[in-house]
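Close look at the chain arrangement
Take a look at the letters that make up each chain.
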Amino acid sequence: MRNTGNTIRVGCIYAAVFLSSAPSLAQFELRSDRSLAEVLSEQPEPLPLEQAFPFFVRTTSPGIYRITWEPASDHYLYQHAFHFAQTEANATDEIEVRYSLPEGLSKADKFFGDIVAYYDPVSVELQLTTVPGPDSALVIEYQGCADWGFCYPPQKMHFPLAP
C-alpha cells in the first residue's frame, strides 16, 4: 500500500512539473520560428589566428626589436595579455625583456570587465637585457577577441633570435 501511494505522489509531481512548463515552452515556440541551425548559421565564423592578429618582428638595432600587430577589422588585442621575455637553450627560466606598451582604448569587455584594447596597429619596442646566445628565442604572449564575442585563447610564441 505504501509503494502505491508513493508512486501516485511521484506521478503527480511529474505531471505538475510538465503542465507548469508547457506554457513557457509554447511561448518559446511562438517567439521563434527559426531552427537552431538557422540561428547558428548567422553566427560569424572566427578568422584563423594568423588573419585575426598578424604580427611581424623587426630588429631596429642590436638588442632592440619592434613587434607590430595589425588586428583585423572588428578585432582587438588586450593590453593586459602582452608579455615578453627571452629564453636561452636548455634554460628553464625566462630572462626579463624591457618594454612599454602604448596607450590604448578603454572599454568594457564582457569577459574581463574594464580593459584597455588595441583595435588599430600597435607596435611594442623591446630591449633585451642580455646578449642572445646561439639558440635564444623571444617569447611573445598576447590575446585578442572579435567584437561579436569570440575570444581567441592566450597565445605564446617563440621567435628565434640571431646572436
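Located above this text is the structure these notes cover.
Residues numbered from 1 in each chain as written. Predicted model: local features only at pLDDT ≥ 70, side-chain atom pairs only at ≥ 80, totals over all residues. Heavy atoms only, no water.

**As for the overall build of the protein**
- Scanning the protein for helices and strands turns up 3 helices and 11 strands.
- Taken over 163 residues, the protein has a buried fraction of 27%.
- For the protein, restricting intrachain contacts to residue pairs at least 6 apart in sequence, the fraction spanning at least 24 positions comes to 62%.
- Surface accessibility of the protein: about 11,000 Å² in total, with carbon and sulfur atoms responsible for 57%. (Helix = DSSP H or I, 4+ residues; strand = E, 2+ residues; numbered from the N terminus. Buried < 20%, exposed > 50% of the residue type's maximum accessible area, 1.4 Å probe, protein only. Contact = heavy atoms within 4.5 Å. Areas by Shrake-Rupley, 256 points an atom, 1.4 Å probe, with all protein chains shown as cover.)

**Describing the sheet that holds strand β6 (residues 105-109)**
- Taken together, the 4 strands give an open sheet; going across it, the order is β6-β7-β3-β10, and neighbouring strands pair in antiparallel fashion. If you trace the sheet from one side to the other, it starts and ends with β6 and β10 (144-146), each paired once. Put simply, the sheet's adjacent strands are angled 45 degrees from each other on average, direction ignored.
- One ladder, built from 2 bridges, connects strand β3 (residues 75-78) with strand β7 (residues 113-118); its direction is antiparallel. (Pairing = 2+ DSSP bridges. Axes fitted to C-alpha atoms, helices over the stretch in contact; angles between N-to-C directions.)

**Digging into the sheet that holds strand β9 (residues 137-142)**
- Strand order in this open sheet of 7 strands is β1-β2-β8-β5-β4-β9-β11, and the pairing throughout is antiparallel. Unpaired on one side and paired on the other, β1 (55-61) and β11 (155-160) mark the two borders of the sheet. Sheet twist, expressed as the average angle between the axes of neighbouring strands with direction ignored, equals 30 degrees.
- Looking at chain direction, strand β5 (residues 95-100) and strand β8 (residues 122-128) are connected through 4 bridges and run antiparallel. Opposite tyrosine 99, over in β8, you have leucine 126 as the bridge partner.

**A look at unusual backbone geometry**
- Of note in this structure, aspartate 74 is not a glycine but carries a positive phi near 65 degrees.
- Secondary-structure assignment places aspartate 74 in the loop between β2 (64-69) and β3.

**Focus: the environment of leucine 128**
- As for its placement among the helices and strands, leucine 128 is situated in strand β8.
- Using a relative accessible area of 9% as the deciding quantity, one classes leucine 128 as buried.
- Along the chain, leucine 128 and isoleucine 95 lie 33 residues apart, while their C-alpha atoms are 8.6 Å from each other.
- Ignoring sequence-local partners within four residues, the contact set of leucine 128 consists of Gly63, Tyr65, Gln86, Val97, Leu138 and Leu161.

**Focus: the nonpolar core**
- By size, the foremost hydrophobic cluster in this structure holds 21 residues, and its most contacted members are Trp69 and Phe84.
- Of all the secondary structure elements, the ones that give two or more residues to this core are α3 (49-52), β2, β8 and β9.
- Of the residues forming this core, the biggest block, 4 residues, is contributed by β8.
- Those residues in contact with tryptophan 69, other than ones at most four positions away along the chain, are Phe53, Pro54, Phe55, Leu77, Phe82, Phe84, Pro121, Val122, Val124, Ile140 and Tyr142. (Core = buried A, V, L, I, M, F, W, Y, C linked by side-chain atoms within 4.5 Å.)

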